[in-house]
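Here is how the chains run, residue by residue.
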Amino acid sequence: MGDNYPDDLLYHPEHDWARIDGDEAVLGITYYAVDSLGELVHYEPPAVGATVSKDASYGEVESVKAVSELISPLSGEVLEVNQAVVDGPEIVNQDPYGTGWLIRVRLSDPGEADALLDAAAYRALAEQ
């Protein structure tokens, strides 16, 4: 699958990623998480307008193997939920960094990003 951890993303040790654009970020789960979980069959997102907090659960995904909490890499207000993933969670398995994104948030503390891992650090963690 080539480079499974794009360099333009920041990573949380719980296998979630963030793509930051100004004061907003798109969040999703990493290839490592997708590979560990297997095919996703359900995505329980937060509501638009809800607040997510760094290091706290903001929803869950269910696969044929398990139910896993989603851990937010950053804090903010939910601006958008990827309805395509709600309707077809398997999209995340096919494209976790593209069409398989989960939510878009307005960051409440952009400085939190400084604590996230870059691709090289996350890759080292995932390969342990």
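Here's what I pulled together on the structure shown here.

What counts as what
Residues numbered from 1 in each chain as written. Predicted model: local features only at pLDDT ≥ 70, side-chain atom pairs only at ≥ 80, totals over all residues. Heavy atoms only, no water. Phe/Tyr/Trp six-rings, centres within 6.5 Å; stacked < 30°, edge-to-face > 60°. Buried < 20%, exposed > 50% of the residue type's maximum accessible area, 1.4 Å probe, protein only. Helix = DSSP H or I, 4+ residues; strand = E, 2+ residues; numbered from the N terminus. Pairing = 2+ DSSP bridges.

Attention now goes to the packing of aromatic side chains. The tally for this structure, following the rule as stated, stands at four aromatic pairs. With a centroid separation of 6.3 Å and an interplanar angle of 85 degrees, the aromatic rings of tyrosine 5 and tyrosine 11 are classed as edge-to-face. For the pair tyrosine 5 and tyrosine 11, one class covers both residues: buried. Ring centres 5.1 Å apart and planes at 70 degrees place the aromatic pair tyrosine 5 and tyrosine 122 in the edge-to-face group.

Turning next to unusual backbone geometry. Notably, histidine 15 is not glycine yet its phi reads approximately 75 degrees, a positive angle. Assignment of secondary structure puts histidine 15 in the loop between strand E1 (10–12) and strand E2 (16–21). With a phi angle near 75 degrees, aspartate 55 is a residue other than glycine that sits in the positive phi range.

Let us now look at the pairing of strand E6 (residues 57–63). As defined by bridge partners, strand E4 (residues 40–44) adjoins E6 across four bridges and the pair is classed as antiparallel. Across the sheet, tyrosine 43 pairs through a bridge with valine 61, a residue of E6. Linkage of E6 to strand E7 (residues 67–71), two consecutive antiparallel strands, is achieved through a turn of three residues.

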